[in-house]
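# Per-entry structural report
As a plain string of letters, each chain reads:
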Amino acid sequence: MQNSTLNRRQFLKIAAAGSVVAALPFGTIQAETSKQNVHIVIMGCGLAGLAAAHRLRRQLPNAQITIIDGKREHHYQPGFTLLATGVWHNAQKVKADNAKLIPHGVKWLPESVQEIQPDNQMIITHSGKVHYDYLIVATGLRLGYEKIDGFEITALGQKGLGSVYYSPEAATATWQAMDIFRQKGGRALMTLAPTDMKCAGAPLKMTFMLADRIRQAGTANNSQIDFFAAKAAIFSVKPVADKVLELWQTLAVPPQVHYHHELAAVDMDKQMAYFRLPETGGETAEQYDFLHIVPPMFAPDVIFNNNELANENG
Ligand SMILES: Cc1cc2nc3c(=O)[nH]c(=O)nc-3n(C[C@H](O)[C@H](O)[C@H](O)COP(=O)(O)OP(=O)(O)OC[C@H]3O[C@@H](n4cnc5c(N)ncnc54)[C@H](O)[C@@H]3O)c2cc1C
């Protein structure tokens, strides 16, 4: 579809991220779509896809809107942090049914998109092709746990292994490991991925909460927390990073921060973590009693492998 004020490629570019829903140029699109029965396809039924669907449904009564996502269960991911630190104990609290969250009048195709063909304004699913006039890409991030050698997601909760990101069950298992750790104390390693992350604040929250759980258990004197950041900062917004570092110094167990350490591998039996040091080309091995893993994160393959949509880093 040609649009004098906003062409399809511009729209695709603008709309290709969850965090920009509020910034979508709905006024311009509304002017176009109020005249015509255009088809808007939203890829992804997470918070971003749902927010876009609700807003577009209200503002564009003539548009045909379709959400495509094979995932049926909705997860309230900020709640994972509460499960993983023992504030919430019921994983059902973070679960909902996508079918109930999709607004009336929006069609849901419960499938995964295999390919986007921007030139044909077409997306391909396993059951066929869907034409769109406008496409909103809201597919979130893929968690790259496979990049950490020796780690298996099924081991979360055992032998001091935690990771808040993967699922409600993984968050619950993380609390099991943290709870066991804090009873005795020991050495906790907290990590940050070298890539962009969803909720880069979550590893910081986990660190605050871990220190507090240790304090509550009375094991602060036996405990040490080391925070390994893959880059030169613990958070990309400097005033936030500075404030967090200041607050960490007031905790019962102030974390020791190490920069330029990328988690590369674990030996789950020996409870050893191996870090790459990109600055020097070296590596280091660190023993742990509790390890919080933040995996590298990437665009889902359907974006990552599309040269028109992604750069070499996906
Ligand atoms: C532990 C944790 C704590 C957080 N805390 C906060 C917080 O305190 N405050 C805050 O603002 N944010 C927080 N966040 C971040 C927030 O939850 C996420 O930014 C938000 O959920 C991302 O929504 P999204 O829709 O972009 O992606 P997602 O929720 O990941 O949804 C993407 C959807 O796209 C679908 N999809 C992927 N590939 C395809 C495909 N090929 N075809 C069709 N569908 C596809 C997936 O199935 C998925 O349903 C937290 C996140 C985590 C993990």
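These lines cover the structure that appears in this document, whether it is placed above or below. Since this is a predicted model, take the numbers as computed values, not measurements.

### Examining the sheet that holds strand β16 (residues 272-277)
Strand pairing in a sheet is mediated by backbone hydrogen bonds. Such pairs are either parallel or antiparallel. Within the open sheet, the three strands sit side by side as β15-β16-β17. Their pairing is antiparallel. If you trace the sheet from one side to the other, it starts and ends with β15 (262-267) and β17 (282-287), each paired once. Each neighbouring strand pair of the sheet contributes to a mean axis angle of 25°, computed without reference to strand direction. Pairing of β16 with β17, which is carried by six bridges, proceeds in the antiparallel orientation. The partner of L277 across the bridge, within β17, is G282.

### Considerations on helix α7 (residues 202-217)
Compared with an ideal rise of 1.5 Å per residue, which puts 16 residues at 22 Å, α7 spans 22 Å between its outermost C-alpha atoms and is within 8% of the ideal. Taken from the residues just after α7, G218 is the one with a positive phi, measuring 75°.

### Things to note about the sheet that holds strand β12 (residues 187-191)
The five strands are arranged β11-β18-β12-β13-β14 in an open sheet whose pairing can be described as parallel. At either end of the open sheet lies a strand with only one pairing partner, and these are β11 (161-162) and β14 (256-258). Of the strand pairs in this sheet, β12 and strand β13 (residues 224-228) are connected by five bridges, and their pairing is parallel. Its bridge partner being in β13, T191 is matched across the sheet by F228.

About the criteria used
Here the residue numbering is sequential within each chain, running from 1 through the sequence in written order. Whole-chain, interface and lining totals are the exception, using all residues; otherwise, since this is a predicted model, local features are given only for residues with pLDDT of at least 70 and side-chain atom pairs are given and counted only at 80 or more. Two strands qualify as a pair provided that DSSP identifies no fewer than 2 bridges between them. In DSSP terms, a helix is any run of H or I states spanning at least four residues, a strand is any run of E spanning at least two, and both are numbered starting from the N terminus. Angles run from 0 to 180 degrees between N-to-C directions of axes, and those axes are lines fitted to C-alpha atoms, restricted for helices to the stretch in contact. Helix span is expected to be 1.5 Å times the residue number reduced by one.

What is shown is where atoms sit, not what they do.
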